Amino acid sequence: MRRLHACLGAATAVGLAAVGTTALVAGSASGATTQLSNRWYAAAPYLMPLDNDPPDATAIMDATGLKAFQLAFVLAPNGGGCSPTWDGTASVSSDTAVKSVIDTIRAKGGDVSVSIGGYGGTKLGQACSDPAATAAAYQQVITKYGLHAIDFDLEEPEYENSAAIHNEIGAAKILQQNNPGLYVSVTTAGTADGTGWFGKQMLLEAKSQGFTPNNFSIMPFDGGFNGAASQTGALTRFNQVLQSTFGWDEATAYAHEGFSGMNGRSDTGEMFYQSDFQTVLDFATTHNMDRFTFWSLNRDRQCSPPDNGGRTSGTCSSVPQNSWDFAKFSVKFAGATPPTTTPPTSSSPTPPSTECKPAWNASTAYTGGSEVSYNKHNWKAKWWTQNEVPGASQWGPWQDEGAC
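Here we summarise the structure given alongside this text. (Residues numbered from 1 in each chain as written. Predicted model: local features only at pLDDT ≥ 70, side-chain atom pairs only at ≥ 80, totals over all residues. Heavy atoms only, no water.)

**Quick word on helix H4 (residues 57–64)**
Each α-helix turn comprises 3.6 residues. Residues three or four places apart therefore point the same way.
Right, on to step 1. For H4, every residue scored as buried is listed here: Ala-57, Thr-58, Ile-60, Met-61 and Thr-64. Buried positions in H4, seen along its axis, are confined to an arc of 155 degrees and lie on one side of it.
Right, on to step 2. Its buried side turned inward, H4 meets strand S1 (46–47), strand S2 (68–75), helix H5 (97–107) and helix H13 (327–333).
Right, on to step 3. Immediately beyond the C-terminal end of H4, within one or two residues, lies Gly-65, with a positive phi of roughly 90 degrees. (Buried < 20%, exposed > 50% of the residue type's maximum accessible area, 1.4 Å probe, protein only. Helix = DSSP H or I, 4+ residues; strand = E, 2+ residues; numbered from the N terminus. Arc of directions from axis to C-beta. Contact = heavy atoms within 4.5 Å.)

**Some remarks on the nonpolar core**
Burial of nonpolar side chains together is a common tendency in soluble globular proteins.
Right, on to step 1. Counting residues in each nonpolar core, the largest one holds 98 residues, and the members touching the most others are Phe-69, Phe-152, Phe-216 and Phe-292.
Right, on to step 2. For this core, the element with the highest residue contribution is helix H7 (residues 131–145), accounting for eight residues.
Right, on to step 3. Apart from the residues within four sequence positions on either side, Phe-69 is in contact with Ala-44, Pro-45, Leu-47, Ala-57, Ile-60, Met-61, Ile-105, Asp-111, Val-112, Ser-113 and Leu-297.
Right, on to step 4. In this structure, Trp-360, Tyr-366, Val-372 and Trp-379 belong to the second largest nonpolar core, which totals six residues. (Core = buried A, V, L, I, M, F, W, Y, C linked by side-chain atoms within 4.5 Å.)

**A closer look at helix H12 (residues 274–286)**
Right, on to step 1. When the terminal C-alpha atoms of H12 are compared, their 18 Å separation across 13 residues agrees well with the 18 Å that a helix rising 1.5 Å per residue should span.
Right, on to step 2. Among all positions in H12, only Gln-274, Asp-276, Phe-277, Val-280, Leu-281, Phe-283 and Ala-284 are buried.
Right, on to step 3. Elements in contact with the buried residues of H12: helix H10 (228–246), helix H11 (250–255), strand S9 (257–262), strand S11 (271–272), strand S12 (291–295) and H13.
Right, on to step 4. Trailing H12 by a residue or two, Asn-288 shows a phi angle of about 55 degrees, which is positive. (Expected span 1.5 Å × (residues − 1).)

Structure representation (structure tokens):
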């Protein structure tokens, strides 16, 4: 779900410096007059503008005070080549749909960053011949939309390809040099150890090329995580990885570290509630981290009908919530105060419980009517059961009694 032509030759590097240096100015002259503080680009949640039932960005701005959006994803064409497209299908060069979204956001005083990569699809780092050609493809995106920020989302399967990662990191360095003031984030998979082997190899590639972005962000979900404590633990260990890789002290590492979460039910069934986001937000601000974002605004609304954690969707969170609840944590990270809203309505199938029942145990045999807690929900057994995970199947032996 995250993340539901001939290449230009190396000679492109000669002309790229001249073109890239003026890219932001040229973009501004064509209408990109809005530029926000780096804190807003660091707080921009992901939004798919062409897929997953895109929400109205201006409605989110009105409801939450959000000003920045991380638009996803730019990929290589599905048919091959080294030119940028949206989701592998819509050419950036001829795009009008995404540009209309950007223009509307900017007309309300907001701005966007664009994310390249994501999970699945063919990335430009895989399709282009070298870092210069990869950078030239991304420069088309920066120039077309007058971008002040860009995100390199380097994850499976691309980050397992060392040549592709060399191209992506090299391109990021070129873009950073040729677009003064460009905010650059690099996002990769999170693990309990901070990030995995491929993520650590990516950091070593950045070190070898002498490249330092505004932040390296990890995604602590879809890896056996369970709530905020597991995420802050991963962020702590990732900080140690950054220290050992780059020779930074703890404070410098946190100043170059970011968090990219998943709101509600993750692809693997992990549950992340508003309370988890608040805990991670407190951790991020206390440690002066550089970025706090999440996947995605398309999911930042309650499912209809409410399913209370029973499925993972690209268009809703599967947790009780008001629309855009999770976006407000990004607003807080940016240093603004979002408007208050009423708690989630009683349309949720069951109200949250005040206390969690005893934790579910795989080795315990439960009879019908037994109550347990799992993933911050209480569950009641419909019949005798043993070693059947609560919530693993909507037709299973456990009835969800709501959050606790």
